Amino acid sequence: MRIAMIGTGYVGLVSGACFADFGHRVTCVDKDAAKIERLNAGEMPIWEPGLEALVKSNVERGRLTFTTDVAASVTDAEAVFIAVGTPARRGDGHADLTYVFEAIRELAQFINPGTVVVTKSTVPVGTGDRIEAILKEEGVEGVSVASNPEFLREGAAIADFKHPDRIIVGAEDDRAQEVLREIYRPLFLNRAPILITGRRTAELTKYAANAFLAVKISFINEIADLCEAVDADVQDVARGIGLDNRIGPKFLHAGPGYGGSCFPKDTVALLQTADNAGVEQRIVATTVSVNDDRKGRMVERVERALGGDVAGKRVGILGLAFKPNTDDMREAPSIPIVKGLVERGAKVAAFDPVARHQAEPVLPGIEFADDAYAAADGADALVIVTEWDEFRALDLERIAASLKGKILVDLRNVYDRGEAEAAGLTYYGVGRGRPPGA
Ligand code: NAD
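Predicted, not measured: the structure shown is a model, and the values here were computed from it.

## Some remarks on the sheet that holds strand β12 (residues 381–384)
And step 1. Read across the sheet, 6 strands follow the order β11-β10-β9-β12-β13-β14 without closing on themselves; strand pairing throughout is parallel. Both edges of this open sheet fall to β11 (367–368) and β14 (426–428), since each of them pairs with a single strand only.
And step 2. With 4 bridges connecting them, strand β9 (residues 314–318) and β12 associate as parallel partners. Of the residues in β12, the one forming a bridge with Gly316 is Leu382.
And step 3. The strands touched by helix α13 (residues 282–305) within the sheet are β9, β12, β13 (407–410) and β14, with β13 carrying the most contacts at an inclination of about 160 degrees.

## Thoughts on helix α5 (residues 98–108)
And step 1. Of all the residues in α5, the buried ones are Val100, Phe101, Ala103, Ile104, Leu107 and Ala108. Viewed along the axis of α5, the buried residues span an arc of 160 degrees, placing them on a single side of the element.
And step 2. Check the buried side of α5 and you find it contacts β1 (2–6), α4 (70–75), β4 (79–82), β5 (116–119) and α6 (127–137).

## Remarks on the environment of Lys406
And step 1. By the element assignment, Lys406 lies in the loop between α17 (396–402) and β13.
And step 2. Each residue touching Lys406, except ones within four places of it in the same chain, is listed here: Asp380, Ala400, Ala401, Gly424, Leu425 and Thr426.
And step 3. Looking at Lys406, its side chain comes within polar contact range of the main-chain oxygen of Ala400, at 2.6 Å.

## Focus on the packing of α6 against helix α10 (residues 199–230)
And step 1. Where α6 meets α10, the axes come as close as 8 Å, and the angle between the chain directions of the two elements is 130 degrees. In terms of orientation, α6 lies oblique with respect to α10. Residues Thr127, Gly128, Asp129 and Glu132 of α6 lie in contact with α10, whose contacting residues are Arg199, Arg200 and Glu203.
And step 2. Taken together, the residues of the contact of α6 with α10 sort by class into no nonpolar, 2 polar and 5 charged.

## Brief notes about the packing of aromatic side chains
And step 1. With the rule as written, the count across this model stands at 10 aromatic pairs.
And step 2. Both rings, one in Phe19 and one in Tyr184, keep their centres 5.5 Å apart while their planes meet at 70 degrees; by these two values the pair is edge-to-face. Within this pair, whereas Phe19 is found in helix α1 (residues 10–21), its partner Tyr184 is found in the loop between α8 (174–183) and α9 (185–189), the two being separated by 165 residues in sequence. Across the pair, exposure class does not vary: Phe19 and Tyr184 are buried alike.
And step 3. Among the aromatic residues, those joined into a cluster by ring pairs are Phe19, Phe22, Phe81, Phe161 and Tyr184.
And step 4. Sitting over the face of the ring of Phe151, Arg166 holds its NZ or CZ atom 3.6 Å from the ring centroid.
And step 5. If you follow Arg398 out to its NZ or CZ, it ends over the ring of Tyr373, 3.7 Å from the centre.

## Examining the layout of surface pockets
And step 1. Its volume calculated, the second largest pocket comes out at about 270 Å³.
And step 2. In terms of lining, the second largest pocket is formed by 13 residues, of which the most central are His94, Leu97, Pro124, Arg130 and Asn276.
And step 3. Elements with a minimum of two residues in the lining of the second largest pocket: α5, α6 and α12 (263–277).
And step 4. Along the lines of polarity and charge, the residues of the lining of the second largest pocket split into 5 nonpolar, 5 polar and 3 charged.

Analysis parameters
Residues numbered from 1 in each chain as written. Predicted model: local features only at pLDDT ≥ 70, side-chain atom pairs only at ≥ 80, totals over all residues. Heavy atoms only, no water. Pairing = 2+ DSSP bridges. Helix = DSSP H or I, 4+ residues; strand = E, 2+ residues; numbered from the N terminus. Contact = heavy atoms within 4.5 Å. Axes fitted to C-alpha atoms, helices over the stretch in contact; angles between N-to-C directions. Buried < 20%, exposed > 50% of the residue type's maximum accessible area, 1.4 Å probe, protein only. Arc of directions from axis to C-beta. Polar contact = N/O pair within 3.5 Å; in protein donor to acceptor, adjacent residues only side chain to side chain. Parallel < 35°, antiparallel > 145°, perpendicular 65-115°, else oblique. Nonpolar A, V, L, I, M, F, W, Y, C, P; charged D, E, K, R; others polar. Phe/Tyr/Trp six-rings, centres within 6.5 Å; stacked < 30°, edge-to-face > 60°. Lys NZ or Arg CZ within 6 Å of the ring centre and 35° of its normal. 1 Å grid on protein atoms, 1.4 Å probe; cavity = no way out; pocket = protein on both sides within 12 Å on 5 of 7 lines; lining within 4 Å. Points joined across faces, edges and corners; volume = space filled by probe spheres on them.

Structure follows, in structure tokens:
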């Protein structure tokens, strides 16, 4: 199949490279000329495990190319995927579809009948209908519009794309179904389930999935608060409920709340869709407000661990990216936590294994350390914000020796209180019994 991928970000680049790896001929398009130039020079614009090798091998085989030229990529494509950003619109949180519609108007000039336009971007219910209307306005005929929401996770994106739990295809006609089945055929051989639904249903399924995962996170975070008040351990509670197949163990890790490029914007966009439809979504609304509050509560946690005041104190931060194995800083919990500490007068020294270049512009005025021990050096407390693997096996005695105040605030429950205390640290986890001094 010949595929054009419009938008070469986290989703477009990974999907494009994986489709090429399945044997399709893929052209990845982006309007960001600098990004395309870097890709053509063999440089990755994002940090994602395994991506560079996958891109390189498919470029060498001649199956993957990068361009800013929409015309050339779209004219002979059988499928044109839209993978541009759909950020939250300022003010009301609606999904901003400007990039999607711009891309559609642009490709409308070059697309041929028989082509299938597929939204991979996360778009609100009814966007496919609006795309159809725009294509009609632009005089395009005989083009199908389908929805194929993407469920990959940054940090494990290639494995997720190649071994998905399911593929959702929202299609209103046979041609769209046929083309998408053919594109994903290598995955059916691996028995990945494909669910063919109506287009509006597929669009909503993506939001429902992200909202449900966000609910799980906010749920366990509230249970963690209760654990601290009644001296119980949330890790054991999560394991105890997660072993129940009806619940499942994933997304039950108490922590600083969800962030990233998807959950925050998608939960709010779902609420906007519901509002427009005149239907209440009280569970998702509460989830969003629980999560919003949580960031501020993490700052207070560090403050309490430091005796009630962080002014003039030095705080080491481990991990800035919104989760491990990515350099993505979008809506990272580290941002409000670091800013909250700085506003209260703390001096922050932060270390992240790969996200520094993304973090520097959003967190001005803090120090960046070269490793975890340097972040701890002379600090009154060390705070683990993102659970990178390299923070799981720190030499805690060395950390304790580097710290001025012997305080470890572990917002990801990476360590056990016993091992931290054995190294001479006072340990504050999340939901791990009554916190010291409480
Ligand atoms: P991104 O910001 O990393 O990439 C979007 C890219 O689209 C940018 O490079 C931008 O320059 C390009 N672009 C914008 N308008 C364009 C146009 N008219 N023509 C060509 N290129 C254009 O975004 P992302 O994280 O890859 O997300 C893309 C979509 O996928 C969003 O809707 C998002 O919600 C969804 N999604 C993201 C993830 C994820 O983990 N990042 C997972 C599943 C779904």
